[in-house]
Amino acid sequence: MAKEIKNENAEAVVEAVSKTEQFFEKNGKTLSIICVAVVVACAAVFCWHKFVHQPKVAEAQGQMAYAEENFRNGDYELALNGDGNVLGFVQILDEYGTKAGKSVKFYAGVCELQLGNYESAIKYLQAYNGKDAILAARAQACIGDAYVGLEDYKKALKYVDLAMKKDDVAQKAIEYKAMAYINLGDTTNWLNTLKVGVERFPEVEYFYSNLISYYNNNGNTEDLMKFADEMLAKNPLPIFRFVKGFVFQNQKKYDEAIEEYKKCIEQDPNYTGAYRNL
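Presented here is an overview of the structure given in this document. (Residues numbered from 1 in each chain as written. Predicted model: local features only at pLDDT ≥ 70, side-chain atom pairs only at ≥ 80, totals over all residues. Heavy atoms only, no water.)

1. Focus: the packing of helix α6 (residues 133–149) against helix α7 (residues 153–163)
Each packed pair of helices is defined by two parameters, the angle between the axes and the distance between the axes. This is how it is decided: Only the stretch in contact is used when fitting a helix axis, every axis being a line fitted to C-alpha atoms; angles between N-to-C directions are given from 0 to 180 degrees. Under the DSSP-based scheme used, a helix requires at least four consecutive residues in state H or I and a strand at least two consecutive residues in state E, with every element numbered from the N terminus. The scheme is simple: roughly parallel for angles under 35 degrees, roughly antiparallel for over 145, roughly perpendicular for 65 to 115, oblique for anything else. Throughout, a crossing is termed right-handed when the near helix is turned clockwise from the far one, and left-handed when it is turned anticlockwise from it by less than a right angle. Throughout, a residue-residue contact means that at least one pair of heavy atoms, one from each residue, lies within 4.5 Å. The classification used treats Ala, Val, Leu, Ile, Met, Phe, Trp, Tyr, Cys and Pro as nonpolar, Asp, Glu, Lys and Arg as charged, and all other residues, Gly among them, as polar.
Packing of α6 against α7 leaves a shortest axis separation of 8 Å and a crossing angle of 165 degrees. If you check the angle between α6 and α7, you find them roughly antiparallel. Between α6 and α7 lies a crossing of left-handed hand. Note on element contacts: α7 touches α6 through Tyr 153, Lys 155, Ala 156, Tyr 159, Val 160, Leu 162 and Ala 163, opposite Ala 137, Gln 140, Ala 141, Ile 143, Gly 144, Tyr 147 and Val 148. Split by residue class, the contact of α6 with α7 holds 11 nonpolar, 2 polar and 1 charged.

Following this line, the structure appears as structure tokens:
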């Protein structure tokens, strides 16, 4: 029985080998052509990558370096459009696409934003699809800023909410959100957004100065004093000493006011408001 099985297996192997030989005899020329075609295609891809693509990438990156330098210097018009000698981000995109990196679209969008061309800024920033999470969040924040510029505050809120999730850009995103709410006439959410900003970024003037102005303009001296005390615990800037002195002065508590003004001057000898109120 075992011998019969072995014989059957041997016959099957011989038959398979025979069929394979027949296949190669029949299709050998076609297979050879295919193999040659694959080798030629691989060689062509290699040559294109080495002698065409890589030089273009290097050339694009060289142009990108000049544009980025102008961007860092705050010369957004030159960074965007170039000057005839060096290319701007727009020309780099036209000539090289994203060979210098997908960030070229982000930079072009920010330049347009800084130049007040909000719709063009949105177009470039929405086209940015790089893998850099921080740049992606910044793009969302900048789109929100552009919609603020276009006075489309509801769309601005949509984008800044996305950006607020990243600490690297959250400060600006919260500022844009506050701007959107105040322009929509939503004082409650404006105040809540400012408070979020103060909680996360107590050192940023935009948040605390707007809260101080709001409490002061509305005569909320109790809230203003409480806010000043809370801020002194987090961020002991002289302005909060000045605010306390100002509140005490309005309450005719002159000794307490003088003490706060003096503490303010100790922290900042150039704080003219404290000298003026003493």
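Additional details are given in the paragraphs that follow.
2. Here's the deal with the packing of helix α12 (residues 238–250) against helix α13 (residues 254–267)
Axis separation between α12 and α13 bottoms out at 8 Å; the angle between their running directions is 165 degrees. Our classification of the angle between α12 and α13 gives roughly antiparallel. With respect to the hand of their crossing, α12 and α13 are arranged in left-handed fashion. Residues Pro 238, Arg 241, Phe 242, Lys 244, Gly 245, Phe 246, Phe 248 and Gln 249 of α12 touch α13, and the partners they reach there are Tyr 254, Glu 256, Ala 257, Glu 260, Tyr 261, Lys 263, Cys 264 and Gln 267. Considered class by class, the residues forming the contact of α12 with α13 number 8 nonpolar, 3 polar and 5 charged.

3. Some points on the packing of aromatic side chains
Two aromatic rings are characterised by how far apart their centres lie and by the angle between their planes. Note the following rule: To pair, rings of Phe, Tyr and Trp, with the six-membered ring standing in for Trp, must have centres within 6.5 Å; the planes then decide the type, stacked if under 30 degrees apart, edge-to-face if over 60, and tilted in the middle. Relative accessibility thresholds used throughout: buried, under 20% of the residue-type maximum; exposed, over 50%; partly exposed, between the two (1.4 Å probe, protein chains only). Sitting over a ring, as applied to charges here, requires NZ of Lys or CZ of Arg to be within 6 Å of the ring centre and within 35 degrees of the ring normal.
Across all of its chains, the model carries 15 aromatic pairs by this definition. When the centroid spacing of 5.9 Å and the interplanar angle of 65 degrees are considered together, the rings of Tyr 214 and Tyr 215 count as edge-to-face. Of the residues examined, Tyr 214 reaches a relative accessible area of 22% and is grouped as partly exposed. For Tyr 215, a relative accessible area of 10% corresponds to the buried category. What links up through ring pairs into an aromatic cluster is the set Phe 71, Tyr 76, Phe 89, Phe 106, Tyr 107 and Tyr 128. Over the face of the ring belonging to Tyr 124 we find Lys 123, whose NZ or CZ atom lies 4.9 Å from the ring centre.

4. Focus on the pattern of salt bridges
When the charged atoms of two side chains lie near each other, side chains of opposite charge can form a pair. This is how it is decided: A carboxyl oxygen of Asp or Glu within 4 Å of a side-chain nitrogen of Lys or Arg is what we treat as a salt bridge.
Tallied over the full model, the rule gives 7 salt bridges. In this structure, the salt-bridge partner of Arg 241 is Glu 260, at a minimum N-O distance of 3.2 Å. Taken together, the residues Arg 241 in helix α12 and Glu 260 in helix α13 connect sequence positions 19 residues apart. Its relative accessible area of 6% is what places Glu 260 among the buried residues. Residue Glu 260 is joined to Lys 244 by a salt bridge in which the shortest nitrogen-to-oxygen separation is 3.8 Å. Taken as a pair, Glu 260 in helix α13 and Lys 244 in helix α12 lie far apart in primary sequence, 16 residues in all.

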